[in-house]
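Here is what each chain is made of, one letter per residue.
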Amino acid sequence: MGIGFIVGGDTVGTFPFGWGNMSIRVPNIIDTFWTTSGMNVTFTEYGPVGGFIAGSFSGTTTPPSLVTRTIQCSFRVKRR
């Protein structure tokens, strides 16, 4: 299971989602891209390889069903 997104930032700060979408993946259930027009991600921690990247994002997104959803997410992941 996972959420993936691309941003242009590599430091603490707020950045727009790249390519205007994010990937939502739940094995054997869903594997798709959701549109994220105007959504930003804020990094509050951006460590070196082996350290952590932490932050949050929120906003509206449109999955392939075309029903707009509001989402909010906080994360802290180990950088590889």
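As shown above, the structure is provided for reference.
Conventions adopted
- Residues numbered from 1 in each chain as written.
- Predicted model: local features only at pLDDT ≥ 70, side-chain atom pairs only at ≥ 80, totals over all residues.
- Heavy atoms only, no water.
- Helix = DSSP H or I, 4+ residues; strand = E, 2+ residues; numbered from the N terminus.
- Buried < 20%, exposed > 50% of the residue type's maximum accessible area, 1.4 Å probe, protein only.
- Contact = heavy atoms within 4.5 Å.
- Areas by Shrake-Rupley, 256 points an atom, 1.4 Å probe, with all protein chains shown as cover.
- Core = buried A, V, L, I, M, F, W, Y, C linked by side-chain atoms within 4.5 Å.
- Salt bridge = Lys/Arg side-chain N within 4 Å of Asp/Glu carboxyl O.
- Pairing = 2+ DSSP bridges.
- Axes fitted to C-alpha atoms, helices over the stretch in contact; angles between N-to-C directions.

Looking only at helices and strands, the protein features 0 helices and 7 strands. The order of helices and strands in the protein, counted from the N terminus, is β-β-β-β-β-β-β. By the burial criterion, 30% of the 80 residues in the protein qualify as buried. Excluding contacts between residues fewer than 6 apart, the proportion of contacts in the protein whose partners are at least 24 apart in sequence is 41%. In the structure as shown, the protein presents an accessible area of about 5400 Å², 54% of it carried by carbon and sulfur atoms.

By size, the foremost hydrophobic cluster in this structure holds 10 residues: V7, F15, F17, M39, V41, F43, I53, F57, I71 and F75. Contributions of two or more residues to this core are made by strand 5 (40–46), strand 6 (52–61) and strand 7 (69–78). Aside from chain neighbours lying at most four places away, what touches F43 is V7, G9, T11, V12, G13, F15, I53, A54, G55 and F75.

Attention now goes to the pattern of salt bridges. What the rule picks out here adds up to 1 salt bridge. Residue E45 is joined to R76 by a salt bridge in which the shortest nitrogen-to-oxygen separation is 3.1 Å. Taken as a pair, E45 in strand 5 and R76 in strand 7 lie far apart in primary sequence, 31 residues in all.

All right, on to the sheet that holds strand 5 then. One open sheet accounts for 4 strands, arranged 2-5-6-7; its pairing is antiparallel. With one partner strand each, in any of the chains shown, strand 2 (13–16) and strand 7 form the two edges of the open sheet. Across this sheet, the average inter-strand angle for adjacent strands is 20°, counted without regard to direction. Bridge analysis of strand 5 against strand 6 gives 6 bridges, and the strand direction is antiparallel. By the bridge assignment for strand 6, F43 is matched with G55.

Interpretation note: all reported values are geometric properties and have no functional meaning in isolation.
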